[in-house]
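Examining the three-dimensional arrangement
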Amino acid sequence: MSKALVWLRNDLRLSDNPALVAAFKEADDVTAVFIFETDEGIRAPGGAARWWFNRSLTDLSERLAGIGVHLLVEKGKAETVLRRVLKDIGATSLHWNRRYHPAERALDSHIKERLGEEIAVESHPGNVLVEPWDIATGTGKSYSVYGPFWKNLRALDIAEPLPAPKGKAVRHKRVDENYREPKWAKKFAPYWTIGEIAAQDKLAAFFDERLTDYPQGRDFPALAATSHLSPHLRHGEISPRQIWHAAKAFAHAHHAQTERINKFLSELAWRDFNYHQLYHRDDIVRVAMHPKYEGMKWRDAPEQLEAWKRGRTGIPMVDAGMRELWETGYMENRVRMLTASFLCKNLLIDWRVGEEWFWDCLCDGDIANNPGNWQWVAGSGMDASPFFRIFNPVTQGERFDADGDYVRRWVPELSELPDKHVQQPWAAPKDVLAKAGVKVGETYPEPIVDLKETRERALEAAKAL
Ligand SMILES: Cc1cc2nc3c(=O)[nH]c(=O)nc-3n(C[C@H](O)[C@H](O)[C@H](O)COP(=O)(O)OP(=O)(O)OC[C@H]3O[C@@H](n4cnc5c(N)ncnc54)[C@H](O)[C@@H]3O)c2cc1C
């Protein structure tokens, strides 16, 4: 009887899983393994993602058992674990879906070379729409501008998703759930339903219920008008190819929605653009894509950093976003932009510090999207927002949360303030504050910085580069 092992990483699904399909084609008996890797250079998932992984692996192990596959969840150095598992089960082949961070690629190549001397090792494309080397400019270079990348990508034939393999069910063995997750993540539970079926349901519900508002609504955080698929994508409970083809099919059946679907897909394509950068540049988690930004004189301001992390900056939109993140493991995109801008421009704290915090707190903390977007905000990314574009969180709030619903939801101590004052309580008349029960400096912090002055300081710092 031939036996194969599938090494799952960021692809916790049965459908459109090329590695799983290949293993089924080749072997009579398939086992899957997930490893919490301790190899040097491999970025360990953040706390929120570990919380998600534990639940997603439990769901997956049941689903895999339904098609005859046992899932093993291990911790250790990947090569050591793989060697042991391969030997224990007597497998003669190993399959995985590819990943793109430089350290991940180096480790995977090393393992392929070493284990390839003894068994068949095969990698597959499963985590992006187009692999980073399969899309290039007219002169054969990698893309540094999003517009032409999207123009090229949208015209490509994206491979059709693969159906889940079929097999005879085996008895489900519970996976060990004790992979360390932080206590603070437990409060995320009411906000999420985890797993492959939940991801597919969420996609369908998004098309039916929210797509119509998506192009405008996505900027208004109180509306929560986006798909919220990002944590599912991050863990591979759904593949980008599945989303792509489902969206195309929906547009085909509902012509009037075509433009909105295209807007949605153009956002999805930013994910591929970031993976393109992850593959083609130096480690984007650590290195500014535009080298001149390595010379930026960042400040060390631990108290201000702490205020930012805890949502105690005294700037309501920033605090609302940071508290939403802490409470749910998620933050709306516009608020991510303005909280990130506040950190690396108004506070002039290195974007890498903010990236780390998001990495730990976001259920969707993604190896390409998180640093890619932080670098976009900080001006050092490819096709980034220029450094001199400094979001003003007050005017952003007045524009995108005009009636203060978002602020009121996450900063309840301001909930009684009238709309007009909710974005800048420090400027509200005394009687208005008193009536709303707000004492600036007591019930809610004074702003930790002057937005205008710190804006000028940031511009000066950028000029010096
Ligand atoms: C500072 C900062 C950090 C971020 N960190 C992450 C992260 O760690 N993981 C992550 O998935 N996204 C990140 N984003 C991008 C974006 O905010 C989220 O993808 C989006 O808010 C997820 O919500 P959604 O699934 O409802 O998005 P939708 O609008 O429904 O979009 C669908 C999918 O498209 C992709 N997408 C949408 N916008 C972007 C974008 N700007 N860049 C890349 N892909 C995008 C995501 O995969 C998303 O799930 C970050 C943005 C900023 C400004």
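Naming follows an unreviewed UniProt entry, where the chain appears as Deoxyribodipyrimidine photo-lyase of Devosia rhizoryzae. Quoted verbatim from the Sequence similarities (unreviewed entry) field of UniProt, the annotation for the chain is "Belongs to the DNA photolyase family."

Bringing the overall build of the chain into the picture now. The helix and strand inventory of the chain stands at 20 helices and five strands. Relative to the compact-globule value of 23 Å for 465 residues, the chain shows a C-alpha radius of gyration of 23 Å, a close match. Summarising its shape, the C-alpha atoms of the chain cover approximately 80 × 45 × 45 Å along the three principal directions. Counting the 465 residues in the chain, one finds 46% classified as buried. The long-range share in the chain, meaning contacts at least 24 apart out of those at least 6 apart in sequence, stands at 76%.

The next thing to look at is the site of the ligand. Neighbouring the ligand are 27 residues, the closest being Thr226, Ser227, Ser230, Asn370 and Asn373. For the shell around the ligand, the elements supplying multiple residues, two or more each, are helix H8 (230-234), helix H10 (258-280), helix H13 (333-346) and helix H15 (369-378). In the shell around the ligand, the residues fall into ten nonpolar, ten polar and seven charged. In terms of domain composition, the shell around the ligand takes at least three residues from each of domain 2 (128-159 + 195-280) and domain 3 (291-463).

This next bit is on helix H9 (residues 240-253). In this model H9 runs 20 Å from its N-terminal to its C-terminal C-alpha over 14 residues, within 8% of the 20 Å that 1.5 Å per residue would give. Here H9 has its buried residues at Pro240, Arg241, Gln242, Ile243, Trp244, Ala247, Phe250 and Ala251. If you follow the buried residues of H9, they end up packed against helix H6 (196-210), H8 and H10.

Within soluble globular proteins, side chains that are nonpolar generally end up buried alongside one another. With 123 residues, the main nonpolar core has Val6, Ala48 and Leu71 as its most contacted residues. If we ignore the near neighbours within four places in the chain, the residues touching Leu71 are Ala32, Phe34, Leu57, Leu60, Ser61, Leu64 and Val175.

A separate point is the UniProt feature "domain: Photolyase/cryptochrome alpha/beta" (unreviewed entry) in the chain. In this numbering, the UniProt entry assigns the feature "domain: Photolyase/cryptochrome alpha/beta" (unreviewed entry) to residues 2-129. End C-alpha to end C-alpha, residues 2-129 measures 31 Å, and it is 42% helix and 25% strand.

Moving on to the domain arrangement of the chain. By a frequent convention, interface size equals the accessible area lost on bringing the separate parts together. Here the chain is described as being made up of domain 1 (3-127), domain 2 (128-159 + 195-280) and domain 3 (291-463). Taking only C-alpha atoms, the centre of domain 2 and the centre of domain 3 are 27 Å apart. With 18 residues of domain 2 in contact, the opposing surface of domain 3 contributes 18 residues. Broken down by secondary-structure element, the contributors of at least two residues to the side of domain 2 that touches domain 3 are H8 and H10. Per-element tally for the side of domain 2 that touches domain 3: the top contributor is H10, with five residues. Among the residues forming the side of domain 2 that touches domain 3, the class breakdown is nine nonpolar, five polar and four charged.

The rules behind these values
Residues numbered from 1 in each chain as written. Predicted model: local features only at pLDDT ≥ 70, side-chain atom pairs only at ≥ 80, totals over all residues. UniProt positions renumbered as here; feature names shortened; annotations may be inferred. Helix = DSSP H or I, 4+ residues; strand = E, 2+ residues; numbered from the N terminus. Rg over C-alpha atoms; globule rule 2.2 N^0.38 Å. Buried ≥ 20, exposed ≤ 12 C-beta atoms within 10 Å, placed from the backbone. Contact = placed C-beta atoms within 7 Å. Near = placed C-beta within 6 Å. Nonpolar A, V, L, I, M, F, W, Y, C, P; charged D, E, K, R; others polar. Domains from an automatic or database assignment. Expected span 1.5 Å × (residues − 1). Core = buried A, V, L, I, M, F, W, Y, C linked by C-beta atoms within 7 Å.

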